[in-house]
Amino acid sequence: MEKQWWQKEVIYQIYPKSFYDSNNDGVGDIKGITEKLDYLKSLGITMVWICPIYQSPMADNGYDISDYYQLNPEFGKMKDLEELIAQAKEKRVKIVLDLVINHTSDEHPWFQDLLENPQTSKYRNYYILKDGIDGEPPTNWRSVFGGSVWEPLNGTKEYYFHSFGVKQPDLNWENKNVREELYKMVNYWLEKGIAGFRVDAITFIKKDQSYDNLPADGVDGLVKCTKKTRNQRGIEVFLHELKKETFAKYDCVTIGEAPGVPYEQYGDYIGANGYFSMIFDFRYADLDVASGSEWFKRVDWDVLDLKKLIFTSQQQIQKAGWGATFLENHDQNRSLSKYIKEEKNRNFYSATMLGAMFFYLRGTPFIYQGQEIGMTNFTRKSIEEFDDISSVDQYYRSIKEGFNEEEALHFINLRSRDNSRTPMHWNDQAYGGFSEVEPWLGMNENYKVINVKSQEQDSNSILHFYKKIIKVRQTSEARNCLIYGDFEPVLEDHPTIIAYKRILNHQEVVCYFNFSSKSQPVELNNHLYDVLLNNYKEKNTFNSNQQYELKPYQALVLQKKEASCYE
Ligand code: GLC
Ligand code: CA
């Protein structure tokens, strides 16, 4: 594919509520991000994606917007954002905002008007309304955060539709006025000088217009809605128009959150004329759950499963266009806790091995706040400690499905989105230096050992290694190969090593990641390569068969020496 500027970026994802609290009210804010720009710069970040900062009652922490043009006062004022954009620009860091256009908050003035004047509101057609059938909701579809997708519209026999929470009514994309309002808003933000958008839940904007029932899949008599609400036929018309009326007019980057798209359709999404610059593929991140939301049907997995998902994703995306690679985000649990099964093995080596493994895949790499210091999940002891609306719903649904409290808590502890939403650990002082007062969400107690300050002082820390990982991709001799090179699998059937090559013309980088707590032999003629990155200082040895011994959780990234000298 033709080279694009956004392929070179290294993106850092900020969950603003938990990043840094500049005014000590317990909630992170925009000024807090500005104050930490030098930190991001020192890490090697070139672009920042900030989760929603718009006005919102925060039922889903900002993914429920009540005014697209105002900022949530807890996060700051417009001038704070302008200041952030300006300062970031000076430091050559680009800012990407979140775009939530599948739904609004029920506190948005459009929806409020509809509630007040259910029959006459001029916003009736801005949302999806349907009559109930014999006092029952129009269909038996279950929303992503639990319960029916339909909620009664008070005082009428009508229901409104929500793919996610009750307080997140879906916008009616079939209505041209809605689309035009949204495009205007998108352009308003692009004019402000942001580099682009991460586009939330975008595959949900088209619903199957038949609105018919499906066989139930749970004891609640409902069925997961996604078969009827995600990537439905006709969505291409909306996505094409969205791009034409907004993104295409700017040299911006767009990163689609696009679950539910089969690989055969990736070309439409991310090909040369695709709707987005890149999309996230969640298949490998969700390998420990049977399917995105059926959390209680946990599946056991091994390294070979993970490898297959990653390799397939890489090969499919390579055929279609460009991808966004990530280990963590605000909807996932922490990667160290997820991918390294035994607690005793969660250490510097496994954390840096994971970091490097995903970072050199083909695609634009995203780092989620706290990942660069190896933050982990932690176990909450009662449902009251949870904030994430999906965890709360999953807890009660598990109980209804017949699990006991302990089991229900166990499920949500493993997978809760709160795992990655705890405040950032800046130092070992009270509240991890995130704030001087008690933060909005309980801290992970291990901030005393896992924090930025101590890792900055330790040249053998995960943080320092992340800096190296980034530097190798951005400035080493192999950078073009690591950014633009093709992906090629290596050792496809090996049970515990994930290995791959990146190839660009005559350049070749080969990467080995040992996902095992034991040494693993590989056939490797180390004289042919220069080391680009290694998370061990000690030299590797050869076994009696002259095989190269990879150390436990070793990450070894090698650049092939110029072929001519050896042929
Ligand atoms: C996306 C967001 C998630 C949010 C949901 C509804 O999946 O990443 O955090 O809850 O959309 O907007
Ligand atoms: Ca604050």
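Note that the structure is a prediction, hence the values are computed from the model and not measured. (Residues numbered from 1 in each chain as written. Chains lettered and ligands numbered in written order. Predicted model: local features only at pLDDT ≥ 70, side-chain atom pairs only at ≥ 80, totals over all residues. Heavy atoms only, no water.)

K.L.:
What is the right way to read the overall build of the protein from this model?
P.N.:
Assigned secondary structure in the protein consists of 17 helices and 22 strands. Taking 2.2 N^0.38 as the reference for a compact globule, 567 residues should give roughly 24 Å; the C-alpha atoms of the protein span a radius of gyration of 24 Å, in line with that estimate. Reported as C-alpha extents along the three principal axes, the dimensions of the protein are approximately 80 × 55 × 50 Å. With 567 residues in all, the protein has 60% of them scored as buried. When the accessible area of the protein is evaluated, it comes to approximately 23000 Å², of which 47% is carbon and sulfur surface. Within the protein, one finds 67 positive and 82 negative side-chain charges whose respective centroids are separated by 5 Å. (Helix = DSSP H or I, 4+ residues; strand = E, 2+ residues; numbered from the N terminus. Rg over C-alpha atoms; globule rule 2.2 N^0.38 Å. Buried < 20%, exposed > 50% of the residue type's maximum accessible area, 1.4 Å probe, protein only. Areas by Shrake-Rupley, 256 points an atom, 1.4 Å probe, with all protein chains shown as cover. Lys, Arg positive; Asp, Glu negative; His and termini not counted. Charge placed at Lys NZ, Arg CZ, Asp CG, Glu CD.)

K.L.:
Looking at this model, I keep getting lost on the packing of helix H11 (residues 348-359) against helix H16 (residues 462-475). Mind explaining?
P.N.:
The packing of two helices is summarised by the inter-axis angle and the distance between the axes. Their axes nearest at 10 Å, the elements H11 and H16 cross at an angle of 20°. Classified by the interaxial angle, the pair formed by H11 and H16 is roughly parallel. Crossing handedness for the pair H11 and H16: right-handed. For the pair H11 and H16, the contacting residues are Phe348, Ala351, Thr352, Gly355, Ala356 and Phe359 in the first and Ile462, Phe465, Tyr466, Ile469, Ile470 and Arg473 in the second. (Axes fitted to C-alpha atoms, helices over the stretch in contact; angles between N-to-C directions. Parallel < 35°, antiparallel > 145°, perpendicular 65-115°, else oblique. Left-handed = near helix turned anticlockwise from the far one by under 90°. Contact = heavy atoms within 4.5 Å.)

K.L.:
Would you take a moment to explain the coordination of the calcium ion (ligand 2) for this structure?
P.N.:
As a benchmark, a tetrahedral metal site with four donors has ideal angles of 109.5 degrees, while an octahedral site with six donors has ideal angles of 90 or 180 degrees. Listed as protein donors to the calcium ion (ligand 2) are Asp21 (OD), Asn23 (OD1), Asp25 (OD), Val27 (O) and Asp29 (OD); their distances from the metal cover 2.2 to 2.4 Å. Along the chain, the residues that donate to the calcium ion (ligand 2) are spaced as D-x1-N-x1-D-x1-V-x1-D. (Donors = N, O, S within 2.8 Å, 3.2 Å for Na, K, Ca; no water.)

K.L.:
What is the right way to read the site of ligand 1 from this model?
P.N.:
Lining the immediate environment of ligand 1, one finds Asp60, Tyr63, His103, Phe145, Phe164, Arg198, Asp200, Glu257, His330, Asp331, Arg417 and Arg421. Within the contact set of ligand 1, an oxygen atom lies 2.8 Å away from a side-chain nitrogen or oxygen of Asp200. Here an oxygen atom of ligand 1 and a side-chain polar atom of His330 are 2.8 Å apart. Coverage of ligand 1 by the protein amounts to 95% of the 300 Å² it exposes when considered alone. (Near = heavy atom within 4 Å. Polar contact = N/O pair within 3.5 Å; in protein donor to acceptor, adjacent residues only side chain to side chain.)

K.L.:
Looking at this structure, how should I read the nonpolar core?
P.N.:
Side chains that are nonpolar tend, in soluble globular proteins, to be buried together. The biggest cluster of nonpolar side chains holds 142 residues, and the ones touching the most others in it are Tyr12, Leu97, Phe197, Phe247, Tyr269, Tyr360 and Phe513. The contacts of Phe197, once residues within four sequence positions are left out, are Tyr54, Val96, Leu97, Asp98, Leu99, Val186, Trp189, Leu190, Phe247, Val253, Thr254 and Ile255. Val490, Ile497, Val510 and Val522 belong to the second-largest nonpolar core, a separate cluster that totals 12 residues. (Core = buried A, V, L, I, M, F, W, Y, C linked by side-chain atoms within 4.5 Å.)

K.L.:
I would appreciate a short explanation of the side chain of Asp64 in the present structure.
P.N.:
As for its position among the elements, Asp64 is in the loop between strand E3 (54-55) and strand E4 (67-71). Notably, Asp64 is buried but unbridged: the nearest opposite-charge side chain belongs to Lys167, and the N-O separation is 6.1 Å. Among the polar contacts listed, one links the side chain of Asp64 to the backbone nitrogen of Ala59, at a separation of 2.6 Å. (Salt bridge = Lys/Arg side-chain N within 4 Å of Asp/Glu carboxyl O.)

K.L.:
What am I meant to see in the sheet that holds strand E22 (residues 555-560) here?
P.N.:
Note: strands within a sheet are paired through backbone hydrogen bonds, in either parallel or antiparallel orientation. Read across the sheet, five strands follow the order E16-E17-E18-E22-E20 without closing on themselves; strand pairing throughout is antiparallel. In this open sheet, the two strands that pair with only one neighbour each are strand E16 (486-490) and strand E20 (529-534). Taking each pair of neighbouring strands and ignoring which way they run, the sheet shows an average axis angle of 25°. In this structure, E16 lies alongside strand E17 (residues 497-504), joined through five bridges in antiparallel fashion. (Pairing = 2+ DSSP bridges.)

K.L.:
Help me understand helix H5 (residues 176-191) in this model?
P.N.:
Note: α-helices contain 3.6 residues per turn, so residues at a spacing of three or four share the same orientation. Between its first and last C-alpha atoms H5 spans 22 Å; for 16 residues at 1.5 Å apiece the expected length is 22 Å, and the two agree. Taken as a whole, H5 has its buried residues at Val178, Arg179, Leu182, Tyr183, Met185, Val186, Asn187, Trp189 and Leu190. Buried positions along H5 lie against E3, E4, helix H3 (78-90), strand E5 (94-99), strand E10 (196-199) and helix H7 (235-245). Two to three positions downstream of the cap, the backbone nitrogen of Asn177 sits 2.8 Å from a side-chain oxygen, assigning the N-cap of H5 to Asn175. One or two residues past the end of H5 sits Gly193, with phi positive at roughly 100°. (Expected span 1.5 Å × (residues − 1).)

K.L.:
Can you help me understand the domain arrangement of the protein in this one?
P.N.:
One widely used convention gives an interface's size as the accessible area the parts lose upon coming together. What the domain assignment reports for the protein is domain 1 (8-100 + 324-380 + 416-475), domain 2 (109-161) and domain 3 (486-560). The distance between the C-alpha centroids of domain 1 and domain 3 comes to 30 Å. Taken together, the 18 residues of domain 1 in the interface contact 20 residues of domain 3. A buried area of about 1600 Å², summed over both sides, lies between domain 1 and domain 3, and 71% of it is on carbon and sulfur atoms. By the criterion of area lost to domain 3, the three top residues of domain 1 are Tyr349, Met353 and Tyr360, representing 36% of everything that side buries. (Domains from an automatic or database assignment. Buried area = accessible area lost by both parts, 1.4 Å probe.)

K.L.:
How do you make sense of the sheet that holds strand E8 (residues 150-152) when you look at a structure like this?
P.N.:
Across the sheet, three strands lie side by side as E6-E9-E8; this open sheet has antiparallel pairing. Strands at the two margins of the open sheet, each flanked by one partner only, are strand E6 (129-131) and E8. In this sheet, neighbouring strand axes are inclined to one another by 40° on average, regardless of whether the strands run parallel or antiparallel.

K.L.:
Before we go on, may I ask you to explain the pairing of E22 in this structure?
P.N.:
For a regular strand, side chains alternate in direction, first toward one face of the sheet and then toward the other. Within E22, five of the six residues are buried, leaving the element largely enclosed by the surrounding structure. Inspection of the sheet shows strand E18 (residues 507-514) paired to E22 by five bridges, in the antiparallel sense. From the neighbouring strand, Cys511 faces E22, where its bridge partner is Val557. In this sheet, E22 lies alongside E20 in antiparallel orientation, the contact comprising five bridges. Bridge assignment links Tyr529 to a residue of E22, and that residue is Lys560.

K.L.:
I tried to follow the environment of Met1 on my own but got confused; where do I start?
P.N.:
Tracing the backbone shows Met1 in the segment before strand E1 (11-14). Classification of Met1 by relative accessible area gives exposed; the value is 56%. Linking Met1 and Glu257, residues 256 residues apart in sequence, is a C-alpha distance of 21 Å. Apart from the residues lying within four places of it in its own chain, the contact partners of Met1 are Trp6, Gln7, Gly321, Trp322 and Arg362.

K.L.:
I keep staring at unusual backbone geometry and nothing clicks. Help me out?
P.N.:
When glycine is set aside, most residues are seen to have a negative phi, and most peptide bonds are trans. Residue Asn61 is not a glycine yet carries a positive backbone phi of 50°. Here Asn61 shows up in the loop between E3 and E4. A residue is classified by how much of its surface remains accessible, and Asn61, at 6% relative accessible area, is buried. Even without being glycine, Asn505 reaches a positive phi, approximately 50°. Among the structural elements, Asn505 can be located in the loop between E17 and E18.

K.L.:
Can you help me understand the pattern of salt bridges in this one?
P.N.:
Between side chains of opposite charge, a pair can form when the charged atoms approach closely. Throughout the structure, instances matching the rule amount to 33 salt bridges. Close ionic contact of Lys94 with Glu9 constitutes a salt bridge, the shortest N to O distance being 2.9 Å. Of this pair, Lys94 sits in strand E5 while Glu9 sits in the segment before E1; the two residues are 85 residues apart in sequence, bridging distant segments of the chain. A salt bridge links Glu241 to Arg179, with the shortest nitrogen-to-oxygen separation between them at 2.7 Å. Taken as a pair, Glu241 in helix H7 and Arg179 in helix H5 lie far apart in primary sequence, 62 residues in all. Via salt bridges that share partners, Asp60, Asp331, Asp388, Arg417 and Arg421 belong to a single interconnected network.

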